[in-house]
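Here is how the chains run, residue by residue.
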Amino acid sequence: MKLVSGRRGAPAAQTRRKAGQKGPGRPEGTSVVRDDILDAAEELFSNLGYAGTTLREIADQAKVTQALINYYFGSKYGLYEAVFMRRSQIISQQRLENLAQLQAKPGRPKVRDVVQAFLMPTLAFRATPEGRSFLRLQARLHTEPPQISYKLRTDAYGNSTRLYVDAVRKALPNLPELDAYWRVTLMVGTYLYAFSDTHRMEEMAPPGLYDPDDTDSLIDQVTRFVTGGMQAP
């Protein structure tokens, strides 16, 4: 099975295609300004958090006025929501596509395949600075106040995550329902920490032992760890 991984720079690319642009650069017009605002906000929100980021800082980094930000997004929360949803919706859709591929195969799915189908769409975001900013933003979302985080998480991932709980229960038919929810939740926590560029491994491992750019090793380590946890008694 060929799993779908995160498409590098997909949101910007989709904007360009919708604008009818031919070639690698951005189209001229308002979509450029909107993308610039989203990119600036993504970087600042990921580093400073929601409360720690001001619209003035975003406007300065994007080289626009605060009035223009309000024109496009309505409010600071509206901007935060747009930043989070533009990439999280891609991840969720790709997870659904991967799950559909698994379900089309005869027989019971393997636990490792379910885990990889869930993890792969996020992995490719580590390949670019923008993608890493989003992964930090996503990990930080879990520390934001509930009135900010709960709705976004549910809107972005609620449906696809529940379907993965069902997939885990099919792969492990003797696993109690509560355990399945716990183990999918712990899988989410594991990948958020491992993929979010915390530099913890660089601090812990001896020099030269760990390569932060070795994504094959990263996905293998996380997949084996999560699969072992899923299959635990």
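See the structure above.
Residues numbered from 1 in each chain as written. Predicted model: local features only at pLDDT ≥ 70, side-chain atom pairs only at ≥ 80, totals over all residues. Heavy atoms only, no water.

A short note on helix 6 (residues 111-123)
And step 1. Taking 1.5 Å of rise per residue, the 13 residues of helix 6 would be expected to cover 18 Å, and the 19 Å separating its terminal C-alpha atoms lies within 8% of that figure.
And step 2. Its maximal kink placed at Ala 117, helix 6 deviates by approximately 30 degrees, while the proline Pro 121 follows within four residues.
And step 3. Taken across its 13 residues, helix 6 has 11 buried, putting it largely inside the fold.
And step 4. The set of residues buried in helix 6 consists of Val 111, Val 114, Val 115, Gln 116, Ala 117, Phe 118, Leu 119, Met 120, Pro 121, Thr 122 and Leu 123.
And step 5. Residues of helix 6 that are buried sit in contact with helix 5 (76-104), helix 7 (129-141), helix 8 (146-171), helix 9 (177-195) and helix 11 (215-230). (Helix = DSSP H or I, 4+ residues; strand = E, 2+ residues; numbered from the N terminus. Expected span 1.5 Å × (residues − 1). Bend = angle between axes of the 7 residues up to and from the residue. Buried < 20%, exposed > 50% of the residue type's maximum accessible area, 1.4 Å probe, protein only. Contact = heavy atoms within 4.5 Å.)

Points about a nonpolar patch on the surface
And step 1. A contiguous nonpolar surface patch, about 370 Å² in accessible area, is contributed by Leu 178, Trp 182 and Leu 186.
And step 2. Its place among the elements puts Leu 186 in helix 9. (Patch = residues over 30% accessible without salt bridge, like charges linked within 9 Å, V, L, I, M, F, W, Y side chains within 5 Å. Areas by Shrake-Rupley, 256 points an atom, 1.4 Å probe, with all protein chains shown as cover. Salt bridge = Lys/Arg side-chain N within 4 Å of Asp/Glu carboxyl O.)

Examining the side chain of Ser 133
And step 1. By secondary structure assignment, the location of Ser 133 is in helix 7.
And step 2. When residues no more than four places from it in sequence are discounted, the contact partners of Ser 133 are Glu 42, Glu 43 and Ser 46.

Points about the pattern of salt bridges
And step 1. Counted under the stated rule, the structure contains 11 salt bridges.
And step 2. Across the pair Asp 213 and Arg 132 runs a salt bridge whose closest N-O atoms are separated by 3.4 Å. With Asp 213 in the loop between helix 10 (200-204) and helix 11 and Arg 132 in helix 7, the pair connects residues that are 81 residues apart, well separated along the chain.
And step 3. On the basis of relative accessibility, which here comes to 14%, the residue Arg 132 falls in the buried class.
And step 4. A salt bridge links Asp 155 to Lys 151, with the nearest nitrogen and oxygen atoms 2.6 Å apart. Taken as a pair, Asp 155 and Lys 151 lie in helix 8 at a separation of four residues, close to a single helical turn.

Overview of the packing of helix 3 (residues 55-62) against helix 4 (residues 66-73)
And step 1. Running from N to C, helix 3 and helix 4 cross one another at 100 degrees; their axes reach a closest spacing of 9 Å. Classified by the interaxial angle, the pair formed by helix 3 and helix 4 is roughly perpendicular. Between helix 3 and helix 4, the residues in contact are Leu 55, Arg 56, Ile 58 and Ala 59 and Gln 66, Ile 69 and Asn 70, respectively. (Axes fitted to C-alpha atoms, helices over the stretch in contact; angles between N-to-C directions. Parallel < 35°, antiparallel > 145°, perpendicular 65-115°, else oblique.)

Section: the nonpolar core
And step 1. Counting 59 residues, the largest nonpolar core has Ile 58, Ile 69, Leu 79, Phe 84 and Met 230 as its most contacted members.
And step 2. Sequence-distant contacts of Phe 84, defined by excluding residues within four places in its chain, comprise Phe 134, Leu 137, Gln 138, Leu 141, Leu 152, Ala 156 and Tyr 157. (Core = buried A, V, L, I, M, F, W, Y, C linked by side-chain atoms within 4.5 Å.)

Points about helix 9
And step 1. With 19 residues, helix 9 extends 27 Å from end C-alpha to end C-alpha; this agrees with the ideal 27 Å at 1.5 Å per step.
And step 2. Those residues of helix 9 that are buried lie in contact with helix 5, helix 6, helix 7, helix 8 and helix 11.

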